[in-house]
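# Analysis of the macromolecular model
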Amino acid sequence: MSELNKTQELNKYHSFNLTQIVSQNMIWMVLLIAIIFFSFTSPVFFTVSNMMGILRQSALVGILAVGVTFAVIGGSFDLSVGMTLGLAAVIIIKMNPDNLFGAIFSVAIALLMCFLIGVVNGFLIGKFELNSMMTTIGMKYIVWGIILIYTKAQHVWAPTMYPSLKAIGVSSVGNIPILVIIFALTVIIGQLILSQTRFGRYLYATGGNKTAAFLSGINVWRVMMTSFIISAISAGITGIVIAARVGDVDPSFGNGREFDALTAVVLGGTSLLGGKGSVIGTLGGVLLLGVITNAMTILGLSINYQLMVKACVLIIAVAIDVYFSKRQGNKNAS
Amino acid sequence: MFISVKDKETRMLRDLVMFFRKYNVLVLTLGLIIFLSVFSNVFTTPQNLKNLLLQVTTDGIVAIGMTFVIITGGIDLSVGKVVALSSVIVIGLQNHTGSLVSSLIALVVGLIIGTLNGLLIAKVKINPFITTLGIRIFVEGLTLGITNTRPISGTDPTFASFATNTAFGIPNASLIFIALILICHYYLAYTSHGRLFYAVGGNKEASWLAGIKVDKYLIGAYAFTSLMAALAGVLLASRINTGSPIIGKDTDLIVIISVILGGTSMAGGSGTVLGTFFGVLTLGMLNNGMNLLGIYDFYQTIILGVLLVLVMLFDHFYIARTKKSKKRIGIIN
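## What about the overall build of chain B?
When helices and strands are tallied, chain B shows 14 helices and 4 strands. In chain B, of all internal contacts separated by at least 6 residues, the share reaching a separation of at least 24 is 77%. With the model as given, the accessible surface of chain B reaches about 16000 Å², and the carbon-plus-sulfur share is 67%.

Structure (C-alpha cells):
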C-alpha cells in the first residue's frame, strides 16, 4: 500500500502531467485568453499606448500586491495597506520637499511611519494571535484618523516638489516608465526573498501550519511580524510613487486599494489559507486585473459597476481556490 | 456548616470580582452615564436622551443580527453597505410603489443578500471574512451605481414622520428596536432552537455529528443579519428622509465593537443579545458624549480603531484565561 503510494507520488513529480501544468499556470492562460478576447472586442485595446497604460496602472496595484502576498502566504490578511499608502503619500505631499535633502528626508519619514504600522500590526497579530482581518481593519481606522488630523480633512497638494522625486512618477527611461521598472524590481526582489532566503522558507512553513512551525523551532511571531512589515513598506513605496506621480491627494484616497491588491493576490494563486503562493503568480493576477479593469473602462462601464465586477472576481477566485484545496485535501486523506 | 467571618469576607470579595467579570459592560455603561451627567449639563435632558436612543437604534438593530453571526463563529462585514442600499431602495422606489411596498422590497433585498452570504459561507465554505468583504464591495458598487453617488430625498411625509413619531414618549423606531431586543434575547437564551446557535458556534463538527443541521443555522444567521441591516436602513431612511449611498460608513465597525463589548466572543459559542444592547448603549453614549464635549470627527475615527483593537485584546485574554481554567479542571486537554 505505502509502496504503491510512493510510486504514485514519484510518478506525479517525474512524469509529464498536463493537468498539473495547466492548473499551475492557469493565471497566465486566463490572461492570454483575456487579452485575445478583448483585442477582438475592441480595436483600441491591443495598441502600444493602451498596453503601456495597463502596465502603468498595474504597477501601482502591483507594488502593493507584492507586499500583501507576503502577509497572505503567512496565513493572514492585511487590510490596512490602503490607508498606509495614503499616509505615506500625504506625508510626502505635506512636507513638499524642494531640494534633495528634503526629498530624502520626507521619503525616510514616510517609510519609517509605514514600518511602525507594520510593527504594530505584526506584534498584535503575531504575538497575541488576534484575528488579522479585524486587527488590520482597526489599524486602518487608526491610520485614517491620523491622516485626517494631519491634513485637517483637507485636500493637500505639493506645488514645488523636487523634480527628481517627481520624475519617479512621471518620466520614463527610453520607452519604459520608471514606475514599471520599480514594479519589476519589486517583483524580482520579492520572489528572491520568498524562494531563496531562510525567511521565505520559514514564511511558507508558518503559513502552512503554525503549530508545526513553532514546534520545529521557528520564531513564528517574528516571521509574521516581518511579513507585515514587508507589506506595510510596500504600501509606503506605492504611496511615495503615487505622491510623486499626481502631486495632490484627498485624505481618504487610499481607501479601497487594499481590495484591488487582495484580489490580485488571490487571482495569482496564493491560497488564503496560507502556506502557498508566489510573487510571480501575483504578477499574473495584477496583470489580469489590470486587463479586466482597462477593458471595462474601454467598454464604458462606470467605476461603480466596475467595483461590482471586481467583487465577483474576488469571490469567484476564492471559491476556485477553496475548491482546489478541498480536492487536494481529500486526495491527501485517501 | 460553620463559616468564619474571614471566609465570608473572601467569598464576598470573590463574588464581587465574579460579578464585575460577568457584567463588565453594565458597569461600563453605568460609569459612562455618571461621568457624562457630571461633566455635561445637557446629557440628562430628555431631548438628548431621546436623541441618544434614536442614534443607537440603527446600529443597535444591526447589532442584534451580528450577535447571531458572531455566536456562530463568523462575522459579517457587509452590513454597513446593506443599510445604505436599503435606504436608497426605500426612498428611490417611494414614488413608484408607495412607501410600504418599497420598504418590503428593501427588506427582501436584504434577505437575499444575507442568504447569498450564508450560502457562500456554509455551502461553498469560503472564509466568512472574505465572503462578506466581497459582498460588501459588490453592494457598495451597486448602491453607488444606482444612485450615481448622489443622495436622494424622500417625498412621502407619512413615511418621513414614522420613525420619529412617539408612542408612550418613545420614538417608534426605538420601540421596534427594544421589542426586537427582547424577542431575540428570549429566542437565543430560552428556546431550544436558539440554544443550537451556541452549539454550532462552539463546535461545528460535534454539532454536525449530533445531528444538528449546521448549514441551516449558519445560513439563517447571515440571512437574519442582513434582514436586520435592511430594517435598520429603512428606519434610518425614515428618520432622515434621505436615501444615501454613504450612510452606514462606520456601522460595521461600531456594530462589531459593541457586540464584542457586550460579551460575545469572537471565537463563537457564547454571548447574549442583552449584553449587545448594553454594548450598543455604551458606544452610543461614548459617541454622544464626544459630540457634546466637542471632540472632532477625526479623533472619533482613531478612537473607533483603538477601541476595536482593545476589545479584541480583551476578548483574547479572557478566552485564554477560560481555556487555561478549563484545562486545569480537565474539561479540555
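## As for the pattern of salt bridges
Residue and element names in this part refer to chain B. The final tally for this structure, using the stated rule, is 6 salt bridges over all chains. As a salt-bridge pair, aspartate 215 and lysine 123 come within 3.1 Å of each other at their nearest N and O atoms. Residue aspartate 215 is found in helix H11 (residues 214–240), and its partner lysine 123 is found in the loop between helix H5 (99–122) and helix H6 (128–147); the two are separated by 92 residues along the sequence. Looking at aspartate 215, the relative accessible area reads 25%, which means it is partly exposed.

## Details of the interface of chain A and chain B
Tallying the contact residues gives 35 residues for chain A and 39 residues for chain B. Three residues, Met134, Tyr141 and Ile315 of chain A, lead the burial of chain A against chain B; their summed loss comes to 20% of the area buried on that side. Inspection of the chain A/chain B interface yields 0 salt bridges. If you look at where chain A meets chain B, you find 4 residue pairs in polar contact (both at pLDDT 80 or more). Broken down by secondary-structure element, the contributors of at least two residues to the side of chain A that touches chain B are helix H7 (132–151), helix H13 (257–267) and helix H15 (303–333) of chain A. Across the side of chain A that touches chain B, the residue classes break down as 28 nonpolar, 5 polar and 2 charged.

## Quick notes on empty space enclosed by the protein
If a probe the size of a water molecule is rolled over the atoms, the empty space left behind becomes visible. Tallied over the entire structure, the rule returns 2 cavities of 30 Å³ or more. In this structure, the largest cavity encloses a volume near 50 Å³. As for the largest cavity, its lining consists of Leu54, Thr57, Thr58, Ile61, Ala163, Ala173, Ala232, Leu235, Leu236 and Arg239 of chain B. Partitioning the lining of the largest cavity into residue classes produces 7 nonpolar, 2 polar and 1 charged. As for the second largest cavity, its lining consists of Phe38, Thr41, Ser42, Phe45, Ala295, Ile298 and Leu299 of chain A.

## Some points on helix H3 (residues 46–71) of chain B
Residues lying three or four places apart along an α-helix face the same way, a consequence of the helix completing one turn every 3.6 residues. Residues and elements named next belong to chain B. In this model, H3 (26 residues) spans 35 Å end to end at C-alpha, consistent with the 38 Å of a helix rising 1.5 Å per residue. The largest bend along H3 measures about 40° and falls at threonine 57. Burial within H3 is extensive, with 19 of its 26 residues counted as buried. Positive backbone phi, at 90°, marks glycine 73, one or two positions downstream of H3.

## Regarding the nonpolar core
Counting 185 residues, the largest nonpolar core has Met134 of chain A together with Ile64 of chain B as its most contacted members. In this structure methionine 134 of chain A touches Ile75, Leu77, Phe129, Ile256, Met266, Leu308 and Met312 of chain B, once residues within four positions along its chain are discounted.

## Concerning the packing of helix H9 (residues 178–196) of chain A against helix H10 (residues 198–208) of chain A
All names here are of chain A. H10 packs onto H9 with a crossing angle of 75° between their chain directions and a minimal axis gap of 5 Å. Viewed along their axes, H9 and H10 adopt a mutual orientation that is roughly perpendicular. Residues Ile193, Leu194, Ser195 and Gln196 of H9 pack against Arg198, Phe199, Gly200, Arg201, Leu203 and Tyr204 of H10. The class makeup of the residues in the contact of H9 with H10 is 5 nonpolar, 3 polar and 2 charged.

Reading the values: rules and limits
- Residues numbered from 1 in each chain as written.
- Chains lettered and ligands numbered in written order.
- Predicted model: local features only at pLDDT ≥ 70, side-chain atom pairs only at ≥ 80, totals over all residues.
- Heavy atoms only, no water.
- Helix = DSSP H or I, 4+ residues; strand = E, 2+ residues; numbered from the N terminus.
- Contact = heavy atoms within 4.5 Å.
- Areas by Shrake-Rupley, 256 points an atom, 1.4 Å probe, with all protein chains shown as cover.
- Salt bridge = Lys/Arg side-chain N within 4 Å of Asp/Glu carboxyl O.
- Buried < 20%, exposed > 50% of the residue type's maximum accessible area, 1.4 Å probe, protein only.
- Buried area = accessible area lost by both parts, 1.4 Å probe.
- Polar contact = N/O pair within 3.5 Å; in protein donor to acceptor, adjacent residues only side chain to side chain.
- Nonpolar A, V, L, I, M, F, W, Y, C, P; charged D, E, K, R; others polar.
- 1 Å grid on protein atoms, 1.4 Å probe; cavity = no way out; pocket = protein on both sides within 12 Å on 5 of 7 lines; lining within 4 Å.
- Points joined across faces, edges and corners; volume = space filled by probe spheres on them.
- Expected span 1.5 Å × (residues − 1).
- Bend = angle between axes of the 7 residues up to and from the residue.
- Core = buried A, V, L, I, M, F, W, Y, C linked by side-chain atoms within 4.5 Å.
- Axes fitted to C-alpha atoms, helices over the stretch in contact; angles between N-to-C directions.
- Parallel < 35°, antiparallel > 145°, perpendicular 65-115°, else oblique.

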